[in-house]
Amino acid sequence: MKYYIKLGIILFVTCAIATGILAYLNGLTAPMIKQVKDKEAQEAQLQVTKTGENDTNTYTFEPRFLDTDIKGDSVFYYVAFNQDNEKVGYVLTATKYGYSSNVKTVVGLNPEFKIKKIKVIDQAETPGLGAKCVNEDFAPRFVNLGLDELKVDKDGGTIKSITGATITTRTISSSIKATLELLIVKESKK
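Chemist: Mind showing me how you'd approach the sheet that holds strand E3 (residues 87–97) here?
Modeler: Each strand in a sheet pairs with its neighbour through backbone hydrogen bonds, running either in the same direction (parallel) or in the opposite one (antiparallel). If you walk across this open sheet you meet the five strands as E1-E2-E3-E4-E5, and the pairing is antiparallel. Bordering the open sheet on either side are strand E1 (60–68) and strand E5 (115–122), each of which pairs with just one other strand. Direction aside, the axes of adjacent strands within the sheet are offset by 25 degrees on average. Across four bridges, strand E2 (residues 74–81) lies against E3 in antiparallel orientation. Bridge pairing links Tyr78 to Val91 in E3. Along the sheet face, helix H1 (residues 2–49) touches E1, E2, E3, strand E4 (102–109) and E5 and points at about 160 degrees away from the line of E5.

Right under this line is the structure:
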């Protein structure tokens, strides 16, 4: 009996030390991970605002409050201005739970609320299926679509679903539509 108690204590101490080390390392790396994710989000904002690869304009983004999410965090959208301080559109982030993860998409809009570009910046969908939403051939399916056109082909819309991953495509489409509706209401009050 003493043998099993001794093994239990050794196992407990080993697990406690390993947990402490992991918690310490997580505390060290969490700010770095947040910094990288913030930088990726800023780069995505710029990518969805630019008109093309040869666009050398300088853009600034003015944050505006959109809503409060489920966790109580503030959600912002951005008004994009060119170097002449002319409004060139909006940038918003749409998030919704897909097949197996939250799918976070940055969306660039023109001043008439039509989609210029989208970029999926965070997802953990099924590899080979829903994870194809980050492929280059996916984002163009949303270009020039407005609020009423954000439906996948399986629901009578024009957005071609990823084969075998209709849920992911529908998630991206519906998250953009819901966030865009909020944006249009906010901007129409201005």
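Chemist: Can you help me understand H1 in this one?
Modeler: An α-helical turn contains 3.6 residues, so any two residues separated by three or four positions project in the same direction. Here H1 spans 68 Å end to end across 48 residues, near enough to the 70 Å set by a 1.5 Å rise per residue. A bend of about 35 degrees at Thr29 is the largest found in H1, and the proline Pro31 appears one to four places after it. All buried positions along H1 are accounted for by Ala44, Gln45, Val48 and Thr49. Residues of H1 that are buried in the fold lie against E1, E2, E3, E4 and E5.

Chemist: Can you help me understand the nonpolar core in this one?
Modeler: Soluble globular proteins tend to bury their nonpolar side chains together. Ranked by internal contacts, the top residues of the largest apolar core, which has 27 residues, are Ile118, Phe142, Ile172, Ile176 and Leu183. When residues of this core are traced back to their parent elements, those giving at least two are E2, E3, E4, E5 and helix H2 (166–188). The element contributing the most residues to this core is H2, with four residues.

Scoring rules and cut-offs
- Residues numbered from 1 in each chain as written.
- Predicted model: local features only at pLDDT ≥ 70, side-chain atom pairs only at ≥ 80, totals over all residues.
- Heavy atoms only, no water.
- Pairing = 2+ DSSP bridges.
- Helix = DSSP H or I, 4+ residues; strand = E, 2+ residues; numbered from the N terminus.
- Axes fitted to C-alpha atoms, helices over the stretch in contact; angles between N-to-C directions.
- Contact = heavy atoms within 4.5 Å.
- Expected span 1.5 Å × (residues − 1).
- Bend = angle between axes of the 7 residues up to and from the residue.
- Buried < 20%, exposed > 50% of the residue type's maximum accessible area, 1.4 Å probe, protein only.
- Core = buried A, V, L, I, M, F, W, Y, C linked by side-chain atoms within 4.5 Å.

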